[in-house]
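Topology and contacts: notes
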Amino acid sequence: MTKYFSKITGWGMYVPERVLTNHDLEKMMDTNDEWIVSRTGIRERHIVAEGESTVSMSVEASKRALEKANLEAEDLDLIILASSTPDYLVPPASSIIQDQLGAECGAMTLVAGCSGFVYGLNTAAQFIRSGAYEHILIIGAETISAGIDWEDRGTAILFGDGAGAVIISRTMQPGGLLSMKMGSDGAGWDALIVPALGTKNYPSHENIDNKEHKLKMKGRPVFKFATRVMSDATVDVVAEAGLTMDDIDVLIPHQANQRIIDLALRRLNFPAEKTIVNLDRYGNTSAASVPLAMIEALEDGRIKDNDKVAMIAFGAGLTYAAAVWQFQPMDVGPEDEAILVTNWPVDNAFQRKLQEMRTAAFRMKVQARTKASEASMAIMLPLYSFRKGLKKRGKNGKNNDPKAIEDNQRE
């Protein structure tokens, strides 16, 4: 049976022109630039203008991806849209995108929260490997701003809008998807939720007045889940590829929060200079997060030919997805398509056993760093809370104004 590989042959992104900075948010709610940057790393985010939507952004990003791949829409065999914010619940936004592009293929919408694009990439690669399809368009796009309560500091500061699209094509050139991991912890289903946009709790005057049609987030359980899976799933997917983090050239984490990324890097002992971070300019764009970071890295030359790139995302569900992808050279000749047999059985068995030993040692190191990090947090948190309490009492002692006391307690 012929062995096929998946190759990213085109990419394109679109973000709205309108930029909402932290200083703009200062005028809308009780917050400031220093507070937001210190806790999230975000300085600004892009917000759709009137007339823009998940579909319109997806179409623009997809056109750019098709141009980069030197393909026409008619060449596509499948379109996968990853989004939690489609233009409509019915019909699927993927079908509208297919029509507006002029494609003549199947189209489906995949809902897996911020993990959606990596889910879509892993899914598309299976169609390519089987030989069923030749060209697949995968889009991660979100209009999160439509579901934000702009009086809720816990969510309004975090999210932005945008779309990223890639085309993967069938090739005989080794590389592409080396390994994948997808998971879900449904026990945390209500940690990220829009309570009143489904058949269980359909929009009504009452729940709209209560803003239940807006995104709600429980920050602590999401943070705890994220910090765990960011390192654990990355270790697992890299090991599945027969590699260690020393073999990874670039890491693309979900752009949710700088603190989460920093903690994952410490546990993985992975250098920040090999990690793609752009959340300071875009915020958390959910399913668009990983493709936007990937595409910027490709355009800037930070992802080079034959680089092994690890991607990891987490999101509502709670879900997570990871992948290791080797980027084949874009410009190839006939000789690059050949698959050379270099691993004879004895050598292959030896290399496999050696890799198992390397992976086991790496896992032990990550687990040790994780335990040390958790122990440090357990020690520091009470001290931080005690110091914060002293600070609040000091402020209250200087100012007995009831409103000032209430403001201090809310900080």
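Please refer to the structure placed before this passage.
Notes on the structure follow. (Residues numbered from 1 in each chain as written. Predicted model: local features only at pLDDT ≥ 70, side-chain atom pairs only at ≥ 80, totals over all residues. Heavy atoms only, no water.)

1. Overview of the overall build of the chain
The cut-off we apply is this: Counting from the N terminus, the helices are DSSP H or I runs at least four residues long and the strands are E runs at least two residues long. Throughout, exposure labels follow a simple rule: accessible area from a 1.4 Å probe, protein chains only, divided by the maximum for the residue type, with under 20% read as buried, over 50% as exposed, and the rest as partly exposed. Working rule for contacts: check all heavy atoms of both residues, and any pair within 4.5 Å makes them a contact. Only the protein chains shown count as covering a residue, and every accessible area follows the Shrake-Rupley method with a 1.4 Å probe.
What the chain contains, in helices and strands, is 13 helices and 13 strands. Here the chain holds 411 residues, and 48% of them are scored as buried. Summarising the internal contacts of the chain: among those between residues at least 6 apart in sequence, 76% fall at separations of at least 24. Here the chain displays about 20,300 Å² of accessible surface, and carbon together with sulfur accounts for 53% of that area.

2. Observations concerning the environment of Asp-152
Convention followed: Here a polar contact is taken to be a pair of N or O atoms separated by no more than 3.5 Å, where protein atoms must pair a possible hydrogen donor with a possible acceptor and residues adjacent in sequence count only if both atoms sit in side chains.
Tracing the sequence through the fold places Asp-152 in the loop between strand S6 (135-142) and helix H6 (153-156). As a C-alpha pair, Asp-152 and Lys-216 span 64 residues in sequence and 9.0 Å in three-dimensional space. At 3.0 Å, the side chain of Asp-152 and the side chain of Thr-155 are in polar contact.

3. Quick look at the pattern of salt bridges
Proximity of charged atoms lets side chains of opposite charge pair with each other. Condition: Should a side-chain nitrogen of Lys or Arg be within 4 Å of a carboxyl oxygen of Asp or Glu, the pair is scored as a salt bridge.
Overall, the coordinates contain seven salt bridges when judged by the stated rule. Note that Glu-60 and Arg-64 form a salt bridge whose closest N and O atoms lie 3.1 Å from each other. Placement of both Glu-60 and Arg-64 in helix H3 (residues 54-69) is noted, with a separation of four residues, approximately one turn of the helix. Residue classification places Arg-64 among the partly exposed residues on the basis of a relative accessible area of 36%.

4. Points about the sheet that holds strand S8 (residues 176-184)
The following threshold applies: Two strands form a pair only when DSSP identifies at least two bridges running between them. Lines fitted to the C-alpha atoms define the axes, with helices restricted to the stretch that makes contact. Angles between their N-to-C directions range from 0 to 180 degrees.
On the basis of which strands lie adjacent, the open sheet formed by four strands has the order S8-S13-S12-S11 and mixed pairing. Bordering the open sheet on either side are S8 and strand S11 (250-253), each of which pairs with just one other strand. Averaged over neighbouring strand pairs, the angle between their axes works out to 10° when direction is ignored. Note that strand S12 (residues 308-315) and strand S13 (residues 319-326) share eight bridges and pair antiparallel. Paired with Ile-312 across the two strands is Ala-322, which belongs to S13. Those strands touched by helix H5 (residues 116-129) are S8, S12 and S13, and its axis lies near 130° from that of S8.

5. Focus: the side chain of Thr-40
Along the chain, Thr-40 turns up in helix H2 (residues 33-40). Given a relative accessible area of 4%, Thr-40 falls into the buried group. Of note is the side chain of Thr-40, whose polar atom sits 3.0 Å from the backbone nitrogen of Ile-42. What Thr-40 contacts, discounting residues up to four positions off in sequence, is Ile-157, Leu-158, Asn-257, Gln-258 and Leu-279.

6. What to know about the environment of His-23
As for its position among the elements, His-23 is in helix H1 (residues 22-26). His-23 gets classed as partly exposed once you look at its relative accessible area, which sits at 45%. Sequence-wise, His-23 and Ile-36 are 13 residues apart; in three dimensions their C-alpha atoms are separated by 10.0 Å.

7. Quick word on the layout of surface pockets
Cut-off, in case you're wondering: Definitions used for this entry: grid spacing 1 Å over protein atoms alone; cavity, a set of points where a 1.4 Å probe fits but cannot get out; pocket, an open set with protein on both sides within 12 Å along at least 5 of 7 lines; lining residue, one with an atom within 4 Å of a point. Grid points are joined across faces, edges and corners, and a volume is the space filled by probe spheres set on the points. Classification used: nonpolar for Ala, Val, Leu, Ile, Met, Phe, Trp, Tyr, Cys and Pro, charged for Asp, Glu, Lys and Arg, polar for all others including Gly.
Empty space within the second largest pocket amounts to approximately 1,200 Å³. In terms of residue class, the lining of the second largest pocket is made up of 22 nonpolar, 13 polar and two charged.

8. A closer look at helix H11 (residues 289-300)
Going by this rule: To estimate how far a helix should reach, multiply one less than its number of residues by 1.5 Å.
When the terminal C-alpha atoms of H11 are compared, their 17 Å separation across twelve residues agrees well with the 16 Å that a helix rising 1.5 Å per residue should span. By the criterion of burial, H11 is predominantly enclosed, with ten of the twelve residues buried. Along H11, the positions that sit buried rather than exposed are Ser-289, Val-290, Pro-291, Leu-292, Ala-293, Met-294, Ile-295, Glu-296, Ala-297 and Leu-298. Phi for Gly-301, located one or two positions after H11, is positive at around 80°.

9. Regarding the packing of aromatic side chains
Inclusion rule: Pairs were defined over the aromatic rings of Phe, Tyr and Trp, the Trp ring being its six-membered one, requiring ring centres within 6.5 Å. Orientation was assigned from the angle between planes: stacked under 30 degrees, edge-to-face over 60, tilted for the rest. Should the NZ of a Lys or the CZ of an Arg lie within 6 Å of a ring centre and within 35 degrees of the ring normal, that charge is described as sitting over the ring.
Tallied over the full model, the rule gives two aromatic pairs. Stacked on the ring of Trp-35, the Lys or Arg Arg-153 has its end atom at 4.0 Å from the ring centre. We note Arg-170 situated over the ring of Tyr-4; from NZ or CZ to the ring centre the distance is 5.0 Å.

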